[in-house]
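A closer look at the structure
The lines below spell out each chain.
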Amino acid sequence: MGARLAPAMTGLPFVRFQSPIRNERGTFTGVFGLVNGLALTGRLTVEQATFRRTSNDWFDRNFTNPAHADPSVYDVDVNPGAAAWFKATARVFIERVDGYLSILETHEVPCEAVWSANPGRVIYEDEHQIVAVARK
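A quick note: this is a predicted structure, and the numbers were derived from the prediction, not measured.

Reading the values: the criteria
Residues numbered from 1 in each chain as written. Predicted model: local features only at pLDDT ≥ 70, side-chain atom pairs only at ≥ 80, totals over all residues. Heavy atoms only, no water. Helix = DSSP H or I, 4+ residues; strand = E, 2+ residues; numbered from the N terminus. Expected span 1.5 Å × (residues − 1). Buried < 20%, exposed > 50% of the residue type's maximum accessible area, 1.4 Å probe, protein only. Arc of directions from axis to C-beta. Contact = heavy atoms within 4.5 Å. Phe/Tyr/Trp six-rings, centres within 6.5 Å; stacked < 30°, edge-to-face > 60°. Lys NZ or Arg CZ within 6 Å of the ring centre and 35° of its normal. Salt bridge = Lys/Arg side-chain N within 4 Å of Asp/Glu carboxyl O. Axes fitted to C-alpha atoms, helices over the stretch in contact; angles between N-to-C directions. Parallel < 35°, antiparallel > 145°, perpendicular 65-115°, else oblique. Left-handed = near helix turned anticlockwise from the far one by under 90°. Nonpolar A, V, L, I, M, F, W, Y, C, P; charged D, E, K, R; others polar.

**Some thoughts on helix 2 (residues 46–62)**
Spanning 17 residues, helix 2 covers 24 Å between terminal C-alpha atoms, matching the ideal 24 Å at 1.5 Å per step. Taken together, the buried positions of helix 2 are Gln 48, Arg 52, Ser 55, Asn 56, Trp 58 and Phe 59. Looking down the long axis of helix 2, one finds its buried residues gathered within 160° of arc, a one-sided arrangement. In helix 2, the exposed positions angled more than 90 degrees off the buried face are occupied by Val 46, Asp 60 and Arg 61. Looking at the buried residues of helix 2, the elements they touch are helix 1 (31–40), strand 3 (83–87) and helix 4 (91–106).

What follows is the structure, given as structure tokens:
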């Protein structure tokens, strides 16, 4: 997939793992949404489902959900197209994405790493991530 590049290799400060194909809302579904979609449709193996649940729980414990900090972050009327980006310095979180990417690869679901110096208007920021709305 090529999405497993070390952050230092790009020199860019932000990365997002997402579908290269726009969804029905015109946005690019992120890696977690893609794997969760496979789970909702019953396509994961027992091992993949266990990895997903364990890893989602780990992220829930260790990574701030921007919507918990500010419920309007992902409100489509307030911030249409808002998307979360890892900061390149958030290596411990980025490295954990590999398991999700492996699941997508097994199911032939395309996912790409998009690196950016300026992903849009930042509407949320913490130590490990930003949420940005792409400029039109």
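**Describing the packing of aromatic side chains**
The final tally for this structure, using the stated rule, is 11 aromatic pairs. Residues Phe 32 and Tyr 100 carry aromatic rings whose centres are separated by 4.8 Å and whose planes lie at 90° to one another, so their mutual orientation is edge-to-face. Remark: Tyr 100 occurs in helix 4 and Phe 32 occurs in helix 1; sequence separation between them is 68 residues. The class for Phe 32 is partly exposed, based on a relative accessible area of 25%. With a relative accessible area of 0%, Tyr 100 lands in the buried category. An angle of 45° between the planes, with centres 5.6 Å apart, marks the rings of Phe 63 and Phe 86 as tilted. Of the two residues, Phe 63 sits in the loop between helix 2 and helix 3 (66–69) while Phe 86 sits in strand 3, which places them 23 residues apart along the sequence. Judged by relative accessible area, which is 15%, Phe 63 ranks as buried. One aromatic cluster is present, formed by Phe 17, Phe 32, Phe 51, Trp 58, Phe 59, Phe 63, Phe 86, Phe 93 and Tyr 100 through successive ring pairs. The side chain of Arg 96 reaches across the aromatic face of Trp 58, ending 3.8 Å from its centre.

**Observations concerning the pattern of salt bridges**
Applying the stated criterion across every chain, the model contains 3 salt bridges. With a closest N to O distance of 2.8 Å, Lys 87 and Glu 125 form a salt bridge. Residue Lys 87 is found in strand 3, and its partner Glu 125 is found in strand 5 (residues 121–125); the two are separated by 38 residues along the sequence.

**Section: the packing of helix 2 against helix 4**
The N-to-C vectors of helix 2 and helix 4 enclose an angle of 155°; their axes lie 11 Å apart at closest approach. Relative to helix 4, the element helix 2 lies roughly antiparallel. Taken as a pair, helix 2 and helix 4 cross one another with a handedness that is left-handed. Here Gln 48, Phe 51, Arg 52, Ser 55, Asn 56, Trp 58, Phe 59 and Asn 62 of helix 2 lie close against helix 4, whose contacting residues are Val 92, Phe 93, Arg 96, Gly 99, Tyr 100, Ile 103 and Thr 106. Considering only residue class, the contact of helix 2 with helix 4 consists of 7 nonpolar, 6 polar and 2 charged.

**A look at helix 4**
The end-to-end C-alpha separation of helix 4 is 24 Å, in line with the 22 Å expected for 16 residues at 1.5 Å each. For helix 4, every residue scored as buried is listed here: Phe 93, Ile 94, Val 97, Tyr 100, Leu 101, Ile 103 and Leu 104. Residues of helix 4 that are buried make contact with strand 1 (14–22), helix 1, helix 2 and strand 3. Just beyond helix 4, the residue with positive phi is Glu 108, at close to 55°.

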